[in-house]
Amino acid sequence: DTAPSSTSQQRKATPTTTIMAGSKNTPSKKVATATAAAAGKKTKKRSKTGKSAKPNFNTYIYRVLKETHPSIGITKKSMGIMNDFVVDMMDQLASEAKHDLGITGKGEKTLREWHFNTAVKLVLPGELKKHGVSEGTKAIFNFKNYKKK
């Protein structure tokens, strides 16, 4: 009886599988952590001090698309472009409202509804301006009425 060598036992204990990144067969984090722990490697934790995550409006864009055109889909690349457009528009509106807050000169630190109303009038063109102001006014009205109940 010859005992198997220690190297052959190690090979059996830690099976190696080659999986390409991004494939559907990638193991879950638990499996990856267990495999790394079995191999004696330490896993690094990601620090949370990096850049903040970009807002994601994909769900809302998809809902609006399905309300307006139920039979039409959207590709991932197109959704990314639409998301960038919405994020950019929100950024422009917020910066314009902040600029308007600074111009008032009263030492205010709170953005009010009329700051955003003014920002929408300055940033959006023509018909979008009218729709933006009316939808914003309607949203504020509904919010105040819901709050009273």
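Before going into details, it helps to say that this report is about the structure given with it. Because the structure is predicted, anything quoted here is derived from the model rather than measured. (Residues numbered from 1 in each chain as written. Predicted model: local features only at pLDDT ≥ 70, side-chain atom pairs only at ≥ 80, totals over all residues. Heavy atoms only, no water.)

1. Concerning the overall build of the protein chain
Moving on, step 1. Along its length, the protein chain carries 6 helices and 0 strands.
Moving on, step 2. Secondary structure elements of the protein chain occur, N-terminal to C-terminal, as α-α-α-α-α-α.
Moving on, step 3. Counting only residues that meet the buried cut, the protein chain has 10% of its 149 residues in that class.
Moving on, step 4. Look at the contacts in the protein chain between residues 6 or more apart in sequence, and 36% of them connect residues 24 or more apart. (Helix = DSSP H or I, 4+ residues; strand = E, 2+ residues; numbered from the N terminus. Buried < 20%, exposed > 50% of the residue type's maximum accessible area, 1.4 Å probe, protein only. Contact = heavy atoms within 4.5 Å.)

2. Details of the packing of aromatic side chains
Moving on, step 1. Counted by the stated rule, this structure contains 1 aromatic pair.
Moving on, step 2. When the ring of Phe57 is compared with that of Tyr60, the centres are 6.5 Å apart and the planes differ by 55 degrees; the resulting orientation is tilted. (Phe/Tyr/Trp six-rings, centres within 6.5 Å; stacked < 30°, edge-to-face > 60°.)

3. Some words on the packing of helix H5 (residues 113-123) against helix H6 (residues 126-148)
Moving on, step 1. At a closest axis distance of 9 Å, the pairing of H5 and H6 adopts a crossing angle of 165 degrees. By the angle between their axes, H5 is roughly antiparallel relative to H6. Read as a crossing pair, H5 and H6 show a hand that is right-handed. Between H5, through Glu113, Asn117, Val120 and Lys121, and H6, the contact on the second element is made entirely by Lys129, Gly132, Val133, Ile140 and Lys144.
Moving on, step 2. When the residues that make up the contact of H5 with H6 are grouped by side-chain class, the tally is 3 nonpolar, 2 polar and 4 charged. (Axes fitted to C-alpha atoms, helices over the stretch in contact; angles between N-to-C directions. Parallel < 35°, antiparallel > 145°, perpendicular 65-115°, else oblique. Left-handed = near helix turned anticlockwise from the far one by under 90°. Nonpolar A, V, L, I, M, F, W, Y, C, P; charged D, E, K, R; others polar.)

4. A look at the pattern of salt bridges
Moving on, step 1. Scanning all chains against the criterion turns up 2 salt bridges.
Moving on, step 2. In this structure, Asp84 engages Lys54 in a salt bridge whose closest nitrogen and oxygen atoms are separated by 2.4 Å. Residue Asp84 is located in helix H4 (residues 76-104), and its partner Lys54 is located in the loop between helix H2 (29-39) and helix H3 (58-68); the two are separated by 30 residues in the primary sequence.
Moving on, step 3. We classify Asp84 as partly exposed; its relative accessible area is 41%.
Moving on, step 4. Glu135 serves as the salt-bridge partner of Lys138, at 3.6 Å between the closest nitrogen and oxygen. (Salt bridge = Lys/Arg side-chain N within 4 Å of Asp/Glu carboxyl O.)

5. Let's talk about the side chain of Asn83
Moving on, step 1. Mapped onto the fold, Asn83 is located in helix H4.
Moving on, step 2. Leaving out residues up to four positions away in the same chain, Asn83 has contacts with Lys54, Pro55, Asn56, Phe57, Asn58 and Ile61.

6. Section: the nonpolar core
Moving on, step 1. Grouped together as the largest cluster of nonpolar side chains are 6 residues: Met89, Leu93, Ala97, Ala119, Val120 and Leu124.
Moving on, step 2. Going through the elements one at a time, H4 and H5 are the ones with two or more residues in this core.
Moving on, step 3. If one sorts the elements of this core by residue count, H4 sits on top with 3 residues.
Moving on, step 4. Apart from residues no more than four positions distant in its own chain, Leu93 is found in contact with Phe116, Ala119, Val120 and Val123. (Core = buried A, V, L, I, M, F, W, Y, C linked by side-chain atoms within 4.5 Å.)

7. Some words on a nonpolar patch on the surface
Moving on, step 1. Together, Tyr62, Ile74, Met82 and Phe85 make up an exposed nonpolar region whose accessible area comes to about 360 Å².
Moving on, step 2. Among the secondary structure elements, Phe85 is positioned in helix H4.
Moving on, step 3. Given the relative accessible area of 48%, Phe85 is considered partly exposed. (Patch = residues over 30% accessible without salt bridge, like charges linked within 9 Å, V, L, I, M, F, W, Y side chains within 5 Å. Areas by Shrake-Rupley, 256 points an atom, 1.4 Å probe, with all protein chains shown as cover.)

8. Some points on the environment of Val123
Moving on, step 1. With respect to the element layout, Val123 can be found in helix H5.
Moving on, step 2. Separated by 30 residues in the primary sequence, Val123 and Leu93 place their C-alpha atoms 6.8 Å from one another.
Moving on, step 3. Contact partners of Val123, with chain neighbours within four places excluded, come to Met89, Gln92, Leu93 and Glu96.

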